[in-house]
Amino acid sequence: MDMKKRIHLELRNRTPSDVRELVLDNCRSVEGKIEGLTSEFVNLEFLSLINVGLISVSNLPKLAKLKKLELSDNRISGGLDVLAEKLPNLTHLNLSGNKLKDISTLEPLKKLENLKSLDLFNCEVTNLNDYRESVFKLLPQLTYLDGYDMEDREASDSDGEVDGEGVDDDEDEEGEEEEDEDGEEEDFDEEDDDEEDEEEVEGEEDDDEVSGDEEDDEFGQDGEVEDEDEDEDEDEEAEAGKGQKRKRDAEDEDDDEDDEEDD
């Protein structure tokens, strides 16, 4: 697919001014030049043109907000002065895998005052003696060359991202807010648990009291029943006593009658 069609496809019914990132990797350039990219992309911050067969960047439009440009695996051998003219706010430039042979071809990059990171992997210029020292001396504004600073310390992830600064801080703040909310929720849960425990204890005490009352009632009823049984026993004994007395009286009368008859 040629570069013009690829740009049209990447727009996806958006206007050029709506686009902040544009990736055109592996499409075909026309005669080794950029085609279809215009200055209408006024808000473009990231542009990737990896392996598109570029020989020159002379057709690059003015993109005042562009911060990161990927040009690796092309056939660029010079003409970098255009970058300084068209991309005044560029901070990251990747020229790895191009045909750059001499330190002098990098001299136009001195005008890119905001340039922090430059990658030249697999370029012949990296084989020169004192390559790193020479580039840092030529471009004092650089922080990282091929991913490492002058002290051979590796670039952090945030340094490699466009608009990466401040993102971690925002995420940390959001994390702290979430932790606070979780802490408050846990406190509420603990309070609810305490209240439930208190209610359970009170409920158990009430149950104990009710059970005690019921037992007292049962004991009371048993006592009454026992009293009634004792009364009935006494009545029965009294009646039995009376019966025996009546029997004895009758026997005495019979004896008296027998005596009279004998007389």
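Keep in mind that what you see is a predicted model, and the values were worked out from it rather than measured. (Residues numbered from 1 in each chain as written. Predicted model: local features only at pLDDT ≥ 70, side-chain atom pairs only at ≥ 80, totals over all residues. Heavy atoms only, no water.)

J.: Got a minute to help me understand the sheet that holds strand β6 (residues 144–145) in this structure?
T.: Whenever strands of a sheet pair, they do so through backbone hydrogen bonds, lying parallel or antiparallel. Here 6 strands make up an open sheet; going across it, the order is β1-β2-β3-β4-β5-β6 and the pairing parallel. In this open sheet, the two edge strands, each paired with only one partner strand, are β1 (21–23) and β6. Pairing of strand β5 (residues 117–119) with β6, which is carried by 2 bridges, proceeds in the parallel orientation. Counterpart to Leu118 in the pairing with β6 is Leu145. (Pairing = 2+ DSSP bridges. Helix = DSSP H or I, 4+ residues; strand = E, 2+ residues; numbered from the N terminus.)

J.: Please explain the nonpolar core as it appears in this structure.
T.: Nonpolar side chains tend toward joint burial in soluble globular proteins. Counting 46 residues, the largest nonpolar core has Leu47, Leu83, Leu93, Leu109, Leu118 and Leu120 as its most contacted members. The dominant element in this core, judged by the number of residues it contributes, is helix α3 (residues 131–138), at 4 residues. Apart from the residues lying within four places of it in its own chain, the contact partners of Leu118 are Leu93, Leu95, Leu109, Val135, Leu139, Leu142, Tyr144, Leu145 and Asp146. (Core = buried A, V, L, I, M, F, W, Y, C linked by side-chain atoms within 4.5 Å. Buried < 20%, exposed > 50% of the residue type's maximum accessible area, 1.4 Å probe, protein only. Contact = heavy atoms within 4.5 Å.)

J.: Sorry, what's going on with the pattern of salt bridges here?
T.: Applying the stated rule across the entire model yields 6 salt bridges. A salt bridge links Arg12 to Glu10; the shortest N-O distance between them is 3.8 Å. The exposure class of Arg12 is exposed, given its relative accessible area of 58%. A salt bridge links Arg153 to Asp149; the shortest N-O distance between them is 3.0 Å. When salt bridges with common partners are traced through the structure, they connect Arg6, Glu10 and Arg12 into a single cluster. (Salt bridge = Lys/Arg side-chain N within 4 Å of Asp/Glu carboxyl O.)

J.: Looking at this structure, I do not really get unusual backbone geometry. What am I missing?
T.: The general pattern is negative phi for most residues beyond glycine and trans for most peptide bonds. With phi around 55°, Asn51 is a residue other than glycine that occupies positive phi space. Along the chain, Asn51 falls in the loop between β2 (46–48) and β3 (68–70). Exposure remark for Asn51: the relative accessible area of 40% places this residue in the partly exposed category. Residue Asp73 is not a glycine yet carries a positive backbone phi of 60°. Here Asp73 is to be found in the loop between β3 and α2 (81–86).

J.: Is there a simple way to explain helix α1 (residues 3–11) in this structure?
T.: Turn by turn, an α-helix covers 3.6 residues, leaving residues three or four places apart pointing in a common direction. Along α1, the positions that sit buried rather than exposed are Met3, Arg6, Ile7, Glu10 and Leu11. For α1, the arc enclosing every buried residue in end-on projection is 140°, short of the 170-degree limit, so these residues lie on one face. Seen from the open side of α1, the exposed residues pointing more than 90 degrees away from its buried face are Lys5, His8 and Leu9. Looking at the packing, one finds that the buried side of α1 touches β1. Its side-chain oxygen at 3.2 Å from the backbone nitrogen of Lys4, Asp2 defines the N-terminal cap of α1. Backbone geometry just downstream of α1 places Arg12 in the positive-phi region, at approximately 50°. (Arc of directions from axis to C-beta. Polar contact = N/O pair within 3.5 Å; in protein donor to acceptor, adjacent residues only side chain to side chain.)

J.: Looking at this structure, I do not really get α3. What am I missing?
T.: Of the positions making up α3, those classed as buried are Tyr131, Val135, Phe136 and Leu138. Across the axial projection of α3, the buried residues extend over an arc of 165°, all falling on one side. For α3, the exposed residues lying more than 90 degrees away from the buried face are Glu133 and Lys137. Buried residues along α3 sit in contact with β5 and β6.

J.: Would you mind showing me how to read the side chain of Asp25 here?
T.: By the secondary structure assignment, Asp25 is in the loop between β1 and β2. Put simply, Asp25 is tucked away with no salt bridge, and the nearest opposite charge, on Arg6, sits 6.3 Å away. At a separation of 2.6 Å, a polar atom in the side chain of Asp25 contacts the side chain of Ser48. Ignoring sequence-local partners within four residues, the contact set of Asp25 consists of Arg6, Ser48, Leu49, Ile50 and Val52. (Lys, Arg positive; Asp, Glu negative; His and termini not counted.)

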